Amino acid sequence: MSVINSIDLSQLTNNIKTWGKALGFQQIGISDVDLSQHEKALKNWLENDYQGSMSFLERNVEKRLSPNELVPGTLRIISVRMDYLPPDASFASNLKSSSTAYISRYALGRDYHKVIRKKLQKLAEQIQEYTQDLSFRPFVDSAPVLEHAIAEKAGLGWTGKHSLTINKEAGSYFFLGELFINLPLPVDQPVEENCGKCTACISICPTQAIIEPYVVDARKCISYLTIENDDAIPLVYRKAIGNRVYGCDDCQLVCPWNKYAKVTEEKDFFARQKLHNRSLLDLFKWTEKEFLEYTEGSAIRRIGYRKWKRNIAVGLGNQIVHTQQETDEIKTALQNAIDFPDEMVQEHIQWALTEVTQHESGKPEVIDVNAAHKNEPQNKAVNSGLDRNTVNRKTLR
């Protein structure tokens, strides 16, 4: 008789959930490895090029749908969630203040990949103390893993119309992580979908990226445009981006279930002073050395200084100024950066200067996102960035 056959799997499952909560996870669920029900939706999404330039999503599709092909021998997946909502999130006040840089709340603290992966490793080590037959591999928003599909099957919540996982008692402000294991543990059952007729997330999206319930066109999503996208941000979306310089939380902010969201107890996810409630102008003035210093250990660092500068330039171009002094300060900062050693960034800085000048003269340009898309074939200049990205959310975090 093998060691696996001799252990009490039900007791081990209970232990895993107890150990997981002691490590700081708010919930732990267990799923099998059959994700075939998501095959049609995933392949349709890819065929429609909704992944934009994220070509990595096109690779290893079969491994995404069959976790036991990604990690041979996998029988179960331990799915965990961990709250990230920081104290004093200041959603509305930041968004309403056009001079304040808005950073998606998940990115204000330490890089979640490192925090959660370390905790998953500790959980695996505790399981190994119970049974030496354990084989495992942890994942945190990495590799070809359908984390939301797994979380749904493990009973952590249901997939909302914005494509994120929603929990009835905790909303959606949480990270997900997975531990692939070779033990045939008892599985949890999926929970009932509870979005009902609500379409608040679809209506609120600044760029209409949620093209239908449960389907996000990444090429229109602000999270994609400011994080994953390496090229120019299409003109048609720049005004809609407003002051969002890294990601977007609008679809979660408006979700009724997030009234139950809990503030995180994990201090690593508390907002860093250098990033939270900072003015666009202050962040734009950072040197590359300062950017690397202030984003050390943060998920923001991975976009690099180039895209950081691009994003904030767009924010400055959208800033509503109230005094001539404000206007002059913005124009000076932009003019001082006009020779940035990257043509793409230069173009965004020039765009921002034009916007500031037009606001100064009282003649701001207005681009209607819906109207632009109705005339896409005739609107090549407006959509040039989008055209480049059509080579084909991670969560788009």
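The rules we used
Numbers given for residues are sequential positions, taken from 1 along each chain in its written order. Only residues with pLDDT of at least 70 get local features here, since the model is predicted, and only at 80 or more are side-chain atom pairs given and counted; chain-wide, interface and lining totals rely on the full set of residues. Heavy atoms throughout the structure, all of them, feed into the side-chain values; hydrogens and water do not. Stacked, tilted and edge-to-face pairs are distinguished by plane angle, under 30 degrees for stacked and over 60 for edge-to-face with tilted covering the rest, among Phe, Tyr and Trp rings (Trp via its six-membered ring) whose centres lie within 6.5 Å. Only DSSP runs of H or I covering at least 4 residues are called helices, and only runs of E covering at least 2 are called strands; the numbering of each starts at the N terminus. Throughout this description, buried means an accessible area under 20% of the type-specific maximum (1.4 Å probe, protein chains only), exposed means over 50%, and partly exposed covers the range between. Charge over a ring is defined by NZ of Lys or CZ of Arg lying within 6 Å of the ring centre and within 35 degrees of the ring normal. Angles here are taken between N-to-C directions and fall from 0 to 180 degrees, while the axes themselves are lines fitted to C-alpha atoms, restricted in helices to the stretch in contact. Crossing handedness: left-handed means the near helix sits turned counterclockwise from the far one by under a right angle, and right-handed means the same turn made clockwise. Working rule for contacts: check all heavy atoms of both residues, and any pair within 4.5 Å makes them a contact. Amino acids outside the nonpolar list (Ala, Val, Leu, Ile, Met, Phe, Trp, Tyr, Cys, Pro) and the charged list (Asp, Glu, Lys, Arg) are all regarded as polar, and Gly is one of them. Angle categories: roughly parallel below 35 degrees, roughly antiparallel above 145, roughly perpendicular from 65 to 115, and oblique for all the rest. The pocket and cavity definitions rest on a 1 Å grid over protein atoms only: a 1.4 Å probe that fits but cannot leave marks a cavity, an open set with protein on both sides within 12 Å along at least five of seven lines marks a pocket, and residues lining either have an atom within 4 Å of a point. Grid points are joined across faces, edges and corners, and a volume is the space filled by probe spheres set on the points. By this rule, a helix spans an expected 1.5 Å times one less than how many residues it contains. In this analysis, strands are considered paired if DSSP registers two or more bridges between them. To be clear, the arc concerns the directions from the helix axis to the C-beta atoms. Polar contact is the term for a pair of N or O atoms within 3.5 Å; when the atoms are in protein, one must be able to donate a hydrogen and the other to accept it, and sequence-neighboring residues count only if both atoms are side-chain atoms. Among buried residues, those of type Ala, Val, Leu, Ile, Met, Phe, Trp, Tyr and Cys that are joined through side-chain atoms within 4.5 Å constitute a nonpolar core. Each residue gets a pLDDT score, which is the predictor's confidence in that residue and runs from 0 to 100. Salt bridge, as used here, is a side-chain nitrogen of Lys or Arg placed within 4 Å of a carboxyl oxygen of Asp or Glu.

This structure, assessed with the given rule, holds 18 aromatic pairs. Ring geometry for tryptophan 286 versus tryptophan 308: centroids 5.6 Å apart, planes at 20°, classification stacked. Pair noted here: tryptophan 286 is in the loop between helix H13 (280-284) and helix H14 (288-294) and tryptophan 308 is in helix H15 (residues 304-318), with a separation of 22 residues, a long-range link. Per residue, the accessibility class of tryptophan 286 equals that of tryptophan 308, and both read buried. Every member of this aromatic cluster is reached through a ring pair, and the members are Tyr84, Phe91, Tyr106, Tyr112, Tyr173, Phe175, Tyr246 and Phe269. The residue whose ring lies beneath arginine 81 is phenylalanine 174, and the NZ or CZ to ring-centre distance is 5.1 Å. We note lysine 309 situated over the ring of phenylalanine 284; from NZ or CZ to the ring centre the distance is 4.2 Å.

Let's shift gears to the packing of helix H2 (residues 9-22) against helix H7 (residues 112-130). Each packed pair of helices is defined by two parameters, the angle between the axes and the distance between the axes. It is the contact of H2 with H7, at a shortest axis distance of 10 Å, that shows an interaxial angle of 150°. Crossing handedness for the pair H2 and H7: right-handed. Contact with H2, carried on its side by Gln11, Leu12, Asn15, Ile16, Trp19 and Gly20, involves Leu123, Gln126, Ile127 and Tyr130 of H7 and no other residues of that element. Considered class by class, the residues forming the contact of H2 with H7 number six nonpolar, four polar and no charged.

Okay, the packing of H15 against helix H17 (residues 343-361) next. For the pair H15 and H17, the least separation of the axes is 8 Å and the interaxial angle reads 10°. Our classification of the angle between H15 and H17 gives roughly parallel. Taken together, the residues of H17 that come into contact with H15 (itself represented by Arg306, Lys309, Arg310, Ala313, Val314, Leu316, Gly317 and Asn318) are Met344, Val345, His348, Ile349, Trp351, Ala352, Glu355, Val356 and His359. Looking at the contact of H15 with H17 residue by residue, the classes come out as nine nonpolar, four polar and four charged.

In this section: the layout of surface pockets. When its volume is computed, the second largest pocket comes out at roughly 170 Å³. Gln27, Leu156, Asn167, Lys168 and Glu169 are, among the 15 residues lining the second largest pocket, the residues nearest its centre. Partitioned by chemical class, the residues of the lining of the second largest pocket number four nonpolar, six polar and five charged.

Tracing the backbone shows glutamate 288 in helix H14. Taking the C-alpha atoms as reference points, glutamate 288 and lysine 309, 21 residues apart in sequence, are found 9.4 Å from one another.

Between its first and last C-alpha atoms H15 spans 22 Å; for 15 residues at 1.5 Å apiece the expected length is 21 Å, and the two agree. With respect to burial, H15 is a largely interior element, 13 of its 15 residues being buried.

What holds strands together in a sheet is hydrogen bonding between their backbones, with the strands either parallel or antiparallel. As summarised here, the arrangement of the four strands in space is S1-S2-S7-S4, forming an open sheet in which the pairing is antiparallel. For this open sheet the edge positions go to strand S1 (27-31) and strand S4 (136-139), each flanked by a neighbour on one side alone. Here the strands of the sheet are splayed against their neighbours by 20° on average, with no regard to which way each runs. Direction of pairing for S4 relative to strand S7 (residues 174-181): antiparallel, over a ladder of four bridges. Bridge assignment links proline 138 to a residue of S7, and that residue is leucine 179. Strands in contact with H2 are S1 and strand S2 (76-83); relative to S1, the strand with the most contacts, it is inclined by about 145°.

To continue, consider H2. When the terminal C-alpha atoms of H2 are compared, their 20 Å separation across 14 residues agrees well with the 20 Å that a helix rising 1.5 Å per residue should span. Of all the residues in H2, the buried ones are Leu9, Leu12, Thr13, Asn15, Ile16, Trp19 and Gly20. With its buried residues spanning 165° around the axis, H2 presents them on a single face. Among the exposed residues of H2, those oriented more than 90 degrees off its buried face are Thr18, Lys21 and Ala22. Where the residues of H2 are buried, they touch S1, S2 and H7. The distance from a side-chain oxygen at the start of H2 to the backbone nitrogen of serine 10 is 3.2 Å, and the residue carrying that oxygen is aspartate 8. Phi for glycine 24, located one or two positions after H2, is positive at around 115°.

Once that is clear, we can look at the nonpolar core. Among the nonpolar cores identified, the biggest contains 108 residues, and Ile78, Ile127 and Trp308 are the most heavily contacted of them. Apart from residues lying up to four places away in sequence, isoleucine 78 is in contact with Ile16, Ile28, Gly29, Ile30, Leu123, Ile127, Gly177, Glu178, Leu179 and Ile181. One finds Trp158, Ile166, Cys195 and Cys255 within the second-largest nonpolar core, a separate group that totals five residues.

This brings us to the confidence of the model for the chain. Averaged over all residues, the pLDDT of the chain is 91; the fraction at 70 or higher stands at 90%. Note on residues 374-397: pLDDT under 50 across the span, and 65 contacts to partners over four residues away in sequence or across chains.

Our next topic: the pattern of salt bridges. Across all of its chains, the model carries 15 salt bridges by this definition. Across the pair aspartate 32 and lysine 153 runs a salt bridge whose closest N-O atoms are separated by 2.8 Å. Pair noted here: aspartate 32 is in the loop between S1 and helix H3 (39-47) and lysine 153 is in helix H8 (residues 147-153), with a separation of 121 residues, a long-range link. In this structure, the salt-bridge partner of arginine 238 is glutamate 347, at a minimum N-O distance of 2.8 Å. With arginine 238 in helix H11 (residues 235-241) and glutamate 347 in helix H17, this pair connects stretches of sequence that are 109 residues apart. Arginine 238 gets classed as buried once you look at its relative accessible area, which sits at 2%. Accessibility expressed as a relative area gives 33% for glutamate 347, which makes it partly exposed. Salt bridges sharing common partners tie together Glu39, Lys43 and Glu62.

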